[in-house]
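# Structure assessment
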Amino acid sequence: MAAKMAHSMKSEEKQRLLDSEHPVPTNSVVDMENVAADDDLLGNRNIEHPTSNFDTMVHLLKGNIGTGILAMPDAFRNAGWVIGLFGTLTMGIICTHCMHMLVECSRELCRRTQTPSLSFAEVVEAACRTGPEFLQRKAKVAKFILNIFLFITQMGFCCVYYVFVAVNLQEVVKHYFVDLPVYWYFVFLMVPLVLLNWVKSLKYLTPASLFASIVMSTGLIITFFYMLQGLSPVSTINAFSSWGQLPLYFGTAVYAFEGIGVVLPLESNMRNPQDFGGWNGVLNRGMIVVAVLYTAVGFFGYLKYGDKAVLGSVTLLLPADEILAQSVRLMMAVAILLSYSLQFYVPFNIIWPSIEHHFQDEKTRQYAEYFTRTALVFITFIFAVAIPNLGAVISLVGAFSSSALAMIFPPLVEIVTFWPDKMARNDWMLWKNIVIVTIGFLGFLTGSYVSICNILNPGATT
(Lines give C-alpha, C1' and ligand atoms only; values in the text may rest on other atoms or scores of the structure.)
Protein backbone atom coordinates (compact mmCIF):
# COMPACT_ATOMS: atom_id res chain seq x y z
CA MET A 1 0.00 0.00 0.00
CA ALA A 2 2.99 2.28 -0.59
CA ALA A 3 1.13 4.56 -2.97
CA LYS A 4 -2.42 5.25 -1.79
CA MET A 5 -1.79 8.47 0.10
CA ALA A 6 1.03 9.39 -2.32
CA HIS A 7 -1.82 10.81 -4.36
CA SER A 8 -4.73 11.35 -1.96
CA MET A 9 -2.72 13.09 0.80
CA LYS A 10 -1.05 15.41 -1.71
CA SER A 11 -4.45 16.39 -3.06
CA GLU A 12 -5.92 16.91 0.42
CA GLU A 13 -3.11 19.32 1.31
CA LYS A 14 -3.43 21.18 -1.94
CA GLN A 15 -7.16 21.48 -1.29
CA ARG A 16 -6.28 23.06 2.07
CA LEU A 17 -3.98 25.51 0.32
CA LEU A 18 -7.00 26.87 -1.50
CA ASP A 19 -9.99 26.38 0.75
CA SER A 20 -8.73 27.13 4.23
CA GLU A 21 -11.02 27.15 7.21
CA HIS A 22 -8.61 29.43 9.07
CA PRO A 23 -8.04 32.72 7.23
CA VAL A 24 -5.01 34.71 8.29
CA PRO A 25 -5.99 37.81 10.26
CA THR A 26 -5.58 40.95 8.23
CA ASN A 27 -4.25 42.89 11.21
CA SER A 28 -0.49 42.46 11.32
CA VAL A 29 -0.18 43.85 14.85
CA VAL A 30 0.14 41.06 17.42
CA ASP A 31 -0.63 41.51 21.11
CA MET A 32 2.20 39.40 22.56
CA GLU A 33 0.72 39.53 26.07
CA ASN A 34 -2.32 37.58 24.92
CA VAL A 35 -0.46 35.14 22.70
CA ALA A 36 -0.95 31.55 23.81
CA ALA A 37 1.94 29.16 24.21
CA ASP A 38 2.70 26.69 21.44
CA ASP A 39 1.63 23.73 23.57
CA ASP A 40 -1.73 25.39 24.28
CA LEU A 41 -2.47 25.88 20.59
CA LEU A 42 -1.32 22.37 19.70
CA GLY A 43 -3.50 20.89 22.42
CA ASN A 44 -6.56 22.99 21.54
CA ARG A 45 -6.83 21.88 17.92
CA ASN A 46 -10.35 20.61 17.31
CA ILE A 47 -9.69 17.47 15.26
CA GLU A 48 -12.54 15.09 14.59
CA HIS A 49 -10.39 12.09 13.72
CA PRO A 50 -6.81 12.66 14.95
CA THR A 51 -4.09 10.36 13.65
CA SER A 52 -1.63 8.37 15.71
CA ASN A 53 2.13 8.59 15.24
CA PHE A 54 2.07 5.35 13.25
CA ASP A 55 -0.76 6.56 10.99
CA THR A 56 1.12 9.79 10.37
CA MET A 57 4.27 7.86 9.51
CA VAL A 58 2.37 5.76 6.95
CA HIS A 59 0.79 8.85 5.40
CA LEU A 60 4.18 10.58 5.27
CA LEU A 61 5.72 7.64 3.42
CA LYS A 62 2.83 7.48 0.98
CA GLY A 63 2.90 11.23 0.45
CA ASN A 64 6.57 11.15 -0.56
CA ILE A 65 6.66 7.99 -2.66
CA GLY A 66 5.16 8.65 -6.07
CA THR A 67 6.09 8.35 -9.74
CA GLY A 68 9.41 10.08 -9.07
CA ILE A 69 10.83 6.91 -7.57
CA LEU A 70 10.59 5.18 -10.97
CA ALA A 71 12.80 7.90 -12.51
CA MET A 72 15.65 7.62 -10.00
CA PRO A 73 17.80 5.27 -12.16
CA ASP A 74 17.73 7.97 -14.84
CA ALA A 75 18.78 10.51 -12.21
CA PHE A 76 21.76 8.34 -11.22
CA ARG A 77 22.70 7.96 -14.88
CA ASN A 78 22.87 11.75 -15.16
CA ALA A 79 25.00 12.07 -12.03
CA GLY A 80 27.11 8.91 -11.85
CA TRP A 81 26.68 6.49 -8.99
CA VAL A 82 28.97 8.34 -6.56
CA ILE A 83 27.27 11.72 -6.94
CA GLY A 84 23.90 10.01 -7.18
CA LEU A 85 24.45 8.04 -4.00
CA PHE A 86 25.69 10.87 -1.80
CA GLY A 87 23.76 13.58 -3.63
CA THR A 88 20.39 11.88 -3.14
CA LEU A 89 21.05 11.37 0.57
CA THR A 90 22.17 15.01 0.86
CA MET A 91 19.08 16.15 -1.05
CA GLY A 92 16.98 14.14 1.37
CA ILE A 93 18.66 15.82 4.35
CA ILE A 94 18.14 19.31 2.89
CA CYS A 95 14.51 18.68 1.94
CA THR A 96 13.80 17.19 5.38
CA HIS A 97 15.40 20.21 7.05
CA CYS A 98 13.21 22.49 4.92
CA MET A 99 10.16 20.53 6.09
CA HIS A 100 11.23 21.12 9.69
CA MET A 101 11.61 24.84 8.94
CA LEU A 102 8.11 24.97 7.49
CA VAL A 103 6.61 23.24 10.53
CA GLU A 104 8.44 25.50 12.99
CA CYS A 105 7.40 28.62 11.11
CA SER A 106 3.82 27.38 10.99
CA ARG A 107 3.77 26.88 14.76
CA GLU A 108 5.29 30.30 15.42
CA LEU A 109 2.84 32.00 13.06
CA CYS A 110 -0.09 30.08 14.55
CA ARG A 111 1.01 31.42 17.93
CA ARG A 112 1.18 34.98 16.62
CA THR A 113 -2.13 34.88 14.79
CA GLN A 114 -3.88 32.66 17.38
CA THR A 115 -4.82 30.19 14.66
CA PRO A 116 -4.89 26.43 15.32
CA SER A 117 -3.28 25.52 12.00
CA LEU A 118 -2.11 27.07 8.74
CA SER A 119 -1.60 25.74 5.24
CA PHE A 120 1.55 26.32 3.16
CA ALA A 121 0.11 29.36 1.38
CA GLU A 122 -1.25 30.75 4.64
CA VAL A 123 2.15 30.38 6.28
CA VAL A 124 3.72 32.44 3.49
CA GLU A 125 1.02 35.09 3.81
CA ALA A 126 1.19 35.21 7.62
CA ALA A 127 5.00 35.42 7.59
CA CYS A 128 4.88 38.51 5.40
CA ARG A 129 1.93 40.06 7.24
CA THR A 130 3.57 39.74 10.67
CA GLY A 131 7.13 40.21 9.43
CA PRO A 132 9.20 43.25 8.43
CA GLU A 133 7.13 46.32 7.64
CA PHE A 134 8.18 46.56 3.99
CA LEU A 135 6.77 43.04 3.38
CA GLN A 136 3.45 43.44 5.17
CA ARG A 137 1.71 44.95 2.15
CA LYS A 138 3.10 42.18 -0.04
CA ALA A 139 1.47 39.33 1.90
CA LYS A 140 -1.26 38.67 -0.66
CA VAL A 141 1.28 38.88 -3.47
CA ALA A 142 3.50 36.33 -1.75
CA LYS A 143 0.58 33.95 -1.35
CA PHE A 144 -0.33 34.47 -5.01
CA ILE A 145 3.23 33.66 -6.11
CA LEU A 146 3.25 30.47 -4.06
CA ASN A 147 -0.03 29.39 -5.61
CA ILE A 148 1.39 30.07 -9.08
CA PHE A 149 4.28 27.72 -8.40
CA LEU A 150 1.85 25.22 -6.93
CA PHE A 151 -0.32 25.49 -10.05
CA ILE A 152 2.66 24.99 -12.35
CA THR A 153 3.91 22.08 -10.26
CA GLN A 154 0.58 20.27 -10.28
CA MET A 155 -0.03 20.87 -13.98
CA GLY A 156 3.49 19.56 -14.52
CA PHE A 157 2.64 16.45 -12.53
CA CYS A 158 -0.46 16.01 -14.70
CA CYS A 159 1.70 16.24 -17.84
CA VAL A 160 4.10 13.67 -16.41
CA TYR A 161 1.17 11.37 -15.62
CA TYR A 162 -0.23 11.84 -19.14
CA VAL A 163 3.09 10.93 -20.78
CA PHE A 164 3.71 8.07 -18.34
CA VAL A 165 0.38 6.40 -19.10
CA ALA A 166 0.77 6.85 -22.85
CA VAL A 167 4.30 5.45 -23.17
CA ASN A 168 3.60 2.45 -20.92
CA LEU A 169 0.41 1.59 -22.80
CA GLN A 170 2.30 1.96 -26.06
CA GLU A 171 4.88 -0.61 -24.95
CA VAL A 172 2.21 -3.17 -24.05
CA VAL A 173 0.11 -2.71 -27.17
CA LYS A 174 3.18 -2.66 -29.42
CA HIS A 175 4.34 -6.02 -28.09
CA TYR A 176 1.03 -7.86 -28.33
CA PHE A 177 -0.94 -6.05 -31.03
CA VAL A 178 0.17 -3.13 -33.21
CA ASP A 179 2.86 -0.47 -33.13
CA LEU A 180 1.20 2.95 -33.08
CA PRO A 181 2.90 6.32 -32.54
CA VAL A 182 2.63 7.56 -28.96
CA TYR A 183 0.61 10.57 -30.13
CA TRP A 184 -2.37 8.32 -30.83
CA TYR A 185 -2.37 7.27 -27.19
CA PHE A 186 -2.47 10.91 -26.15
CA VAL A 187 -5.61 11.30 -28.26
CA PHE A 188 -7.23 8.11 -26.97
CA LEU A 189 -6.59 9.10 -23.36
CA MET A 190 -8.32 12.46 -23.71
CA VAL A 191 -11.82 11.00 -23.31
CA PRO A 192 -11.27 9.01 -20.07
CA LEU A 193 -9.23 11.83 -18.56
CA VAL A 194 -11.88 14.44 -19.31
CA LEU A 195 -14.62 12.21 -17.87
CA LEU A 196 -12.57 11.49 -14.73
CA ASN A 197 -11.94 15.18 -14.19
CA TRP A 198 -15.61 16.04 -14.51
CA VAL A 199 -15.98 14.41 -11.08
CA LYS A 200 -16.26 17.37 -8.72
CA SER A 201 -15.79 15.73 -5.32
CA LEU A 202 -12.73 13.85 -4.13
CA LYS A 203 -14.87 11.47 -2.08
CA TYR A 204 -16.22 9.93 -5.28
CA LEU A 205 -12.66 9.26 -6.38
CA THR A 206 -11.78 7.32 -3.22
CA PRO A 207 -12.55 3.86 -4.68
CA ALA A 208 -10.45 4.63 -7.74
CA SER A 209 -7.64 5.92 -5.53
CA LEU A 210 -7.73 2.79 -3.37
CA PHE A 211 -7.64 0.53 -6.41
CA ALA A 212 -4.79 2.57 -7.89
CA SER A 213 -2.82 2.26 -4.65
CA ILE A 214 -3.14 -1.52 -4.57
CA VAL A 215 -2.21 -1.86 -8.23
CA MET A 216 0.77 0.50 -7.99
CA SER A 217 2.11 -1.15 -4.84
CA THR A 218 1.98 -4.52 -6.56
CA GLY A 219 3.74 -3.08 -9.59
CA LEU A 220 6.52 -1.61 -7.43
CA ILE A 221 7.14 -4.95 -5.73
CA ILE A 222 7.42 -6.74 -9.07
CA THR A 223 9.70 -3.99 -10.37
CA PHE A 224 12.05 -4.55 -7.44
CA PHE A 225 11.98 -8.27 -8.19
CA TYR A 226 13.29 -7.65 -11.71
CA MET A 227 15.67 -4.86 -10.74
CA LEU A 228 17.60 -6.87 -8.14
CA GLN A 229 18.30 -9.87 -10.38
CA GLY A 230 21.54 -10.33 -12.27
CA LEU A 231 23.24 -7.16 -11.12
CA SER A 232 26.46 -6.17 -12.87
CA PRO A 233 29.68 -5.14 -11.07
CA VAL A 234 29.85 -1.49 -9.99
CA SER A 235 32.81 -1.02 -12.33
CA THR A 236 30.45 -1.33 -15.32
CA ILE A 237 28.70 1.99 -14.58
CA ASN A 238 30.03 5.54 -14.36
CA ALA A 239 31.08 6.82 -10.97
CA PHE A 240 30.80 10.41 -12.21
CA SER A 241 28.97 11.97 -15.12
CA SER A 242 29.53 15.19 -17.04
CA TRP A 243 28.85 18.63 -15.61
CA GLY A 244 26.25 19.19 -18.30
CA GLN A 245 24.11 16.32 -17.00
CA LEU A 246 24.16 17.26 -13.31
CA PRO A 247 21.30 19.80 -13.63
CA LEU A 248 19.14 17.01 -15.07
CA TYR A 249 19.96 14.94 -12.00
CA PHE A 250 18.98 17.82 -9.73
CA GLY A 251 15.63 18.27 -11.45
CA THR A 252 14.73 14.59 -11.26
CA ALA A 253 15.89 14.23 -7.65
CA VAL A 254 14.02 17.26 -6.36
CA TYR A 255 10.95 16.11 -8.28
CA ALA A 256 11.17 12.81 -6.41
CA PHE A 257 11.24 14.52 -3.00
CA GLU A 258 7.84 16.07 -3.65
CA GLY A 259 6.23 15.55 -0.25
CA ILE A 260 6.64 18.96 1.35
CA GLY A 261 3.00 19.71 0.58
CA VAL A 262 1.74 16.98 2.92
CA VAL A 263 3.83 18.00 5.94
CA LEU A 264 1.58 20.68 7.46
CA PRO A 265 -1.74 18.80 7.19
CA LEU A 266 -0.14 15.69 8.65
CA GLU A 267 1.28 17.60 11.60
CA SER A 268 -1.96 19.52 12.20
CA ASN A 269 -4.04 16.33 12.25
CA MET A 270 -1.88 14.40 14.76
CA ARG A 271 -3.12 13.36 18.16
CA ASN A 272 0.33 14.27 19.53
CA PRO A 273 1.72 16.91 17.13
CA GLN A 274 4.71 17.51 19.39
CA ASP A 275 5.98 14.07 18.30
CA PHE A 276 6.22 15.16 14.67
CA GLY A 277 9.50 17.06 14.96
CA GLY A 278 12.65 16.38 16.91
CA TRP A 279 15.64 14.24 15.99
CA ASN A 280 13.67 11.03 16.65
CA GLY A 281 10.29 12.36 15.53
CA VAL A 282 7.91 11.04 12.93
CA LEU A 283 9.24 13.35 10.22
CA ASN A 284 12.88 12.30 10.55
CA ARG A 285 12.10 8.60 10.77
CA GLY A 286 9.81 8.71 7.75
CA MET A 287 12.18 10.75 5.60
CA ILE A 288 15.11 8.47 6.42
CA VAL A 289 13.09 5.60 4.94
CA VAL A 290 12.18 7.70 1.89
CA ALA A 291 15.75 8.85 1.24
CA VAL A 292 17.17 5.34 1.62
CA LEU A 293 14.48 3.86 -0.62
CA TYR A 294 15.02 6.46 -3.36
CA THR A 295 18.76 5.99 -3.15
CA ALA A 296 18.41 2.22 -3.39
CA VAL A 297 16.10 2.37 -6.40
CA GLY A 298 18.40 4.83 -8.16
CA PHE A 299 21.59 2.92 -7.44
CA PHE A 300 20.36 -0.61 -8.16
CA GLY A 301 18.30 0.53 -11.14
CA TYR A 302 21.35 2.20 -12.67
CA LEU A 303 23.52 -0.79 -11.77
CA LYS A 304 21.05 -3.12 -13.45
CA TYR A 305 20.36 -1.17 -16.64
CA GLY A 306 23.33 1.19 -16.98
CA ASP A 307 23.05 3.75 -19.75
CA LYS A 308 19.75 2.21 -20.84
CA ALA A 309 18.14 3.98 -17.88
CA VAL A 310 17.31 6.98 -20.00
CA LEU A 311 13.56 6.57 -20.50
CA GLY A 312 12.31 8.31 -17.36
CA SER A 313 10.72 5.19 -15.83
CA VAL A 314 12.31 1.91 -14.84
CA THR A 315 9.12 0.11 -15.91
CA LEU A 316 10.03 0.79 -19.55
CA LEU A 317 13.25 -1.20 -19.05
CA LEU A 318 11.60 -4.43 -17.91
CA PRO A 319 11.83 -7.38 -20.34
CA ALA A 320 9.24 -7.04 -23.09
CA ASP A 321 8.88 -10.77 -23.70
CA GLU A 322 7.60 -11.63 -20.21
CA ILE A 323 3.94 -11.40 -19.28
CA LEU A 324 4.74 -10.43 -15.69
CA ALA A 325 6.86 -7.49 -16.84
CA GLN A 326 4.19 -6.35 -19.28
CA SER A 327 1.61 -6.61 -16.51
CA VAL A 328 3.69 -4.15 -14.47
CA ARG A 329 3.53 -1.59 -17.28
CA LEU A 330 -0.21 -2.07 -17.55
CA MET A 331 -0.74 -1.89 -13.79
CA MET A 332 1.32 1.28 -13.48
CA ALA A 333 -0.47 2.88 -16.42
CA VAL A 334 -3.89 2.15 -14.92
CA ALA A 335 -2.81 3.34 -11.47
CA ILE A 336 -1.42 6.64 -12.76
CA LEU A 337 -4.43 7.16 -15.04
CA LEU A 338 -6.77 6.87 -12.06
CA SER A 339 -4.52 9.16 -10.00
CA TYR A 340 -4.42 11.95 -12.61
CA SER A 341 -7.65 13.50 -11.34
CA LEU A 342 -6.24 13.80 -7.81
CA GLN A 343 -3.29 15.84 -9.07
CA PHE A 344 -5.66 17.82 -11.31
CA TYR A 345 -7.85 18.80 -8.35
CA VAL A 346 -5.41 21.48 -7.16
CA PRO A 347 -4.77 23.55 -10.30
CA PHE A 348 -8.49 23.58 -11.02
CA ASN A 349 -9.27 24.93 -7.55
CA ILE A 350 -6.60 27.59 -7.94
CA ILE A 351 -7.98 28.94 -11.21
CA TRP A 352 -11.71 28.33 -10.87
CA PRO A 353 -12.52 30.96 -8.17
CA SER A 354 -11.27 33.70 -10.50
CA ILE A 355 -13.59 32.42 -13.25
CA GLU A 356 -16.83 31.45 -11.55
CA HIS A 357 -17.73 34.94 -10.30
CA HIS A 358 -18.17 36.01 -13.94
CA PHE A 359 -21.24 33.75 -14.20
CA GLN A 360 -24.33 34.58 -12.14
CA ASP A 361 -26.67 31.92 -13.49
CA GLU A 362 -26.21 28.50 -11.85
CA LYS A 363 -26.67 26.52 -15.06
CA THR A 364 -24.24 28.73 -16.97
CA ARG A 365 -21.76 28.39 -14.13
CA GLN A 366 -21.97 24.58 -14.34
CA TYR A 367 -21.29 24.66 -18.08
CA ALA A 368 -18.37 27.02 -17.48
CA GLU A 369 -16.96 24.66 -14.86
CA TYR A 370 -17.10 21.66 -17.19
CA PHE A 371 -15.51 23.74 -19.94
CA THR A 372 -12.71 24.88 -17.60
CA ARG A 373 -12.02 21.32 -16.48
CA THR A 374 -11.90 20.15 -20.09
CA ALA A 375 -9.67 23.05 -21.11
CA LEU A 376 -7.14 22.27 -18.37
CA VAL A 377 -7.00 18.62 -19.43
CA PHE A 378 -6.51 19.80 -23.01
CA ILE A 379 -3.60 21.98 -21.88
CA THR A 380 -1.86 18.93 -20.41
CA PHE A 381 -2.61 17.13 -23.68
CA ILE A 382 -0.90 19.91 -25.65
CA PHE A 383 2.21 19.81 -23.46
CA ALA A 384 2.30 16.02 -23.53
CA VAL A 385 2.20 16.03 -27.34
CA ALA A 386 4.82 18.78 -27.47
CA ILE A 387 7.14 17.04 -24.98
CA PRO A 388 6.67 13.25 -25.12
CA ASN A 389 10.06 12.71 -23.43
CA LEU A 390 9.13 11.46 -19.96
CA GLY A 391 12.56 11.96 -18.40
CA ALA A 392 12.87 15.50 -19.74
CA VAL A 393 9.42 16.47 -18.46
CA ILE A 394 10.16 15.13 -14.97
CA SER A 395 13.47 16.99 -14.82
CA LEU A 396 11.91 20.25 -16.03
CA VAL A 397 9.00 20.12 -13.58
CA GLY A 398 11.36 19.30 -10.72
CA ALA A 399 13.89 22.00 -11.53
CA PHE A 400 11.44 24.77 -12.38
CA SER A 401 8.72 24.46 -9.75
CA SER A 402 9.41 21.67 -7.25
CA SER A 403 12.75 23.25 -6.33
CA ALA A 404 10.97 26.48 -5.42
CA LEU A 405 8.40 24.77 -3.19
CA ALA A 406 10.88 22.42 -1.51
CA MET A 407 14.11 24.44 -1.23
CA ILE A 408 13.48 28.14 -1.84
CA PHE A 409 10.23 29.11 -0.11
CA PRO A 410 10.85 27.39 3.29
CA PRO A 411 14.21 29.11 4.03
CA LEU A 412 12.85 32.47 2.89
CA VAL A 413 9.79 32.01 5.09
CA GLU A 414 12.00 31.21 8.08
CA ILE A 415 14.11 34.32 7.48
CA VAL A 416 11.01 36.53 7.27
CA THR A 417 9.33 34.86 10.26
CA PHE A 418 12.22 35.14 12.69
CA TRP A 419 13.85 38.36 11.46
CA PRO A 420 15.59 39.97 13.27
CA ASP A 421 15.29 38.05 16.56
CA LYS A 422 16.90 34.80 15.40
CA MET A 423 18.24 36.02 12.08
CA ALA A 424 20.79 38.67 12.94
CA ARG A 425 23.20 39.45 10.14
CA ASN A 426 25.98 37.35 11.67
CA ASP A 427 23.74 34.52 12.75
CA TRP A 428 24.64 31.12 11.29
CA MET A 429 20.94 30.36 10.71
CA LEU A 430 20.70 33.23 8.26
CA TRP A 431 23.72 32.12 6.27
CA LYS A 432 22.56 28.50 6.36
CA ASN A 433 19.25 29.55 4.83
CA ILE A 434 21.00 31.71 2.25
CA VAL A 435 23.10 28.68 1.21
CA ILE A 436 19.99 26.50 0.82
CA VAL A 437 18.19 29.18 -1.18
CA THR A 438 21.28 29.60 -3.37
CA ILE A 439 21.46 25.86 -4.04
CA GLY A 440 17.77 25.79 -4.87
CA PHE A 441 18.01 28.87 -7.09
CA LEU A 442 21.07 27.58 -8.96
CA GLY A 443 19.30 24.26 -9.45
CA PHE A 444 16.23 26.16 -10.61
CA LEU A 445 18.19 28.10 -13.23
CA THR A 446 20.59 25.44 -14.50
CA GLY A 447 18.09 22.59 -14.23
CA SER A 448 15.41 24.47 -16.12
CA TYR A 449 17.88 25.62 -18.80
CA VAL A 450 19.44 22.20 -19.38
CA SER A 451 16.03 20.47 -19.29
CA ILE A 452 14.66 22.86 -21.92
CA CYS A 453 17.79 22.33 -24.03
CA ASN A 454 17.34 18.58 -23.64
CA ILE A 455 13.74 18.87 -24.80
CA LEU A 456 14.63 21.01 -27.81
CA ASN A 457 17.70 18.96 -28.70
CA PRO A 458 17.33 15.44 -27.24
CA GLY A 459 20.63 13.73 -26.51
CA ALA A 460 22.68 16.91 -26.51
CA THR A 461 23.44 16.63 -22.80
CA THR A 462 23.88 12.88 -22.63
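Residues numbered from 1 in each chain as written. Predicted model: local features only at pLDDT ≥ 70, side-chain atom pairs only at ≥ 80, totals over all residues. Heavy atoms only, no water.

Going by an unreviewed UniProt entry, the protein carries the name Amino acid transporter transmembrane domain-containing protein and comes from Dendroctonus ponderosae. Here the protein is described in UniProt, under the heading Subcellular location (unreviewed entry), as follows: "Membrane". (UniProt positions renumbered as here; feature names shortened; annotations may be inferred.)

Of regular secondary structure, the protein possesses 18 helices and 0 strands. Buried residues in the protein amount to 56% of all 462 residues. Considering only contacts within the protein whose residues lie at least 6 apart along the sequence, 84% involve residues at least 24 apart. When the accessible surface of the protein is split by element, carbon and sulfur atoms take 66% of a total near 19,900 Å². (Helix = DSSP H or I, 4+ residues; strand = E, 2+ residues; numbered from the N terminus. Buried < 20%, exposed > 50% of the residue type's maximum accessible area, 1.4 Å probe, protein only. Contact = heavy atoms within 4.5 Å. Areas by Shrake-Rupley, 256 points an atom, 1.4 Å probe, with all protein chains shown as cover.)

Mapped onto the elements of the fold, F164 is located in helix α8 (residues 139-176). Linking F164 and R329, residues 165 residues apart in sequence, is a C-alpha distance of 9.7 Å. When sequence neighbours within four positions are dropped, the list of residues in contact with F164 reads L70, S313, T315, M332, A333, I336 and L390.

A few words on helix α4 (residues 72-79). Counting buried positions along α4 gives 8 out of 8 residues, so the element sits mostly inside the fold. Of all the positions in α4, only M72, P73, D74, A75, F76, R77, N78 and A79 are classed as buried. G80 sits one or two residues past α4 and shows a positive phi near 90°.

On to empty space enclosed by the protein. Within this structure, the stated rule accounts for 4 cavities of 30 Å³ or more. Computed from the structure, the second largest cavity encloses a volume of approximately 40 Å³. Around the second largest cavity, the lining residues are I69, L70, L220, T223, F224, M227, V297 and V314. In terms of residues, the lining of the second largest cavity owes the most to one element, helix α10 (residues 206-227), which gives 4 residues. Of the residues contributing to the lining of the second largest cavity, the split by class is 7 nonpolar, 1 polar and no charged. (1 Å grid on protein atoms, 1.4 Å probe; cavity = no way out; pocket = protein on both sides within 12 Å on 5 of 7 lines; lining within 4 Å. Points joined across faces, edges and corners; volume = space filled by probe spheres on them. Nonpolar A, V, L, I, M, F, W, Y, C, P; charged D, E, K, R; others polar.)

Moving on: the pattern of salt bridges. When the charged atoms of two side chains with opposite charge come close together, those side chains can pair. Taken as a whole, this structure holds 13 salt bridges when the rule is applied. For E267, the salt bridge is made with R107, and the minimal N-O distance between the two is 2.9 Å. On the criterion of sequence distance, the pair formed by E267 in helix α12 (residues 263-268) and R107 in helix α5 (residues 81-113) is long-range, its members being 160 residues apart. Each member of the pair, E267 together with R107, is buried. The salt bridge partner of E171 is K174, with a shortest N-O separation of 3.5 Å. Residue E171 and its partner K174 are both found in helix α8; the two are separated by 3 residues, about one turn of the helix. Residue E171 is classed as partly exposed on the basis of its relative accessible area of 23%. (Salt bridge = Lys/Arg side-chain N within 4 Å of Asp/Glu carboxyl O.)

Between helix α6 (residues 120-129) and helix α17 (residues 390-418), the shortest axis-to-axis distance is 9 Å and the interhelical angle comes to 35°. Seen from above, α6 lies across α17 with left-handed handedness. Counting all contacts with α6, which are made through F120, V123, V124, A127 and C128, the residues of α17 involved are L405, F409, V413, V416 and T417. (Axes fitted to C-alpha atoms, helices over the stretch in contact; angles between N-to-C directions. Left-handed = near helix turned anticlockwise from the far one by under 90°.)

A full pass over the atoms with the stated rule returns 20 aromatic pairs. With a centroid separation of 6.4 Å and an interplanar angle of 75°, the aromatic rings of Y185 and F188 are classed as edge-to-face. On the criterion of helical spacing, the pair formed by Y185 and F188 is a turn pair, its members being 3 residues apart in helix α9 (residues 182-196). Note on Y185: relative accessible area 6%, which makes it buried. Overall, F188 belongs to the partly exposed group, its relative accessible area being 47%. Measuring from centroid to centroid gives 5.3 Å for F299 and F300, while their planes differ by 75°, and the two rings are edge-to-face. For F300, a relative accessible area of 29% translates into the label partly exposed. Here the aromatic residues Y162, Y183, F186, Y340, F344, F348, W352, F378 and F381 are joined through ring pairs into a cluster of three or more. The ring of F348 is capped by R373, whose NZ or CZ atom sits 4.0 Å from the centre of that ring. (Phe/Tyr/Trp six-rings, centres within 6.5 Å; stacked < 30°, edge-to-face > 60°. Lys NZ or Arg CZ within 6 Å of the ring centre and 35° of its normal.)

What follows deals with the environment of I394. Assignment of secondary structure puts I394 in helix α17. The exposure class assigned to I394 is buried, which follows from its relative accessible area of 2%. Along the backbone, I394 and G251 are 143 residues apart, and their C-alpha atoms lie at a distance of 7.2 Å. Discounting residues that sit within four places of it in the chain, I394 has contacts with A71, V160, G251, T252, Y255 and G312.

Together, V141, F144, I145, I148, I152 and F400 make up a nonpolar patch on the protein surface, roughly 480 Å² of accessible area in all. Ranked by residue count, the leading element in the nonpolar patch is α8, at 5 residues. The topology assignment puts I152 in helix α8. (Patch = residues over 30% accessible without salt bridge, like charges linked within 9 Å, V, L, I, M, F, W, Y side chains within 5 Å.)

For the rest of this paragraph, the subject is the confidence of the model for the protein. Model confidence for the protein is summarised by a mean pLDDT of 83, while 87% of its residues fall at 70 or above. For the protein, the element scoring lowest by mean pLDDT is helix α1 (residues 4-18), at 44; α9 scores highest, at 93. Of the regions scoring below 50 in pLDDT, residues 1-7 engages in 32 contacts with residues more than four places distant in sequence or in other chains. Across residues 9-36, where pLDDT falls below 50, the model places 69 contacts with residues more than four positions away in sequence or in other chains. (pLDDT = per-residue confidence, 0-100.)

We now examine the side chain of S402. Among the secondary structure elements, S402 is positioned in helix α17. By relative accessible area, which is 6% here, S402 ends up buried.

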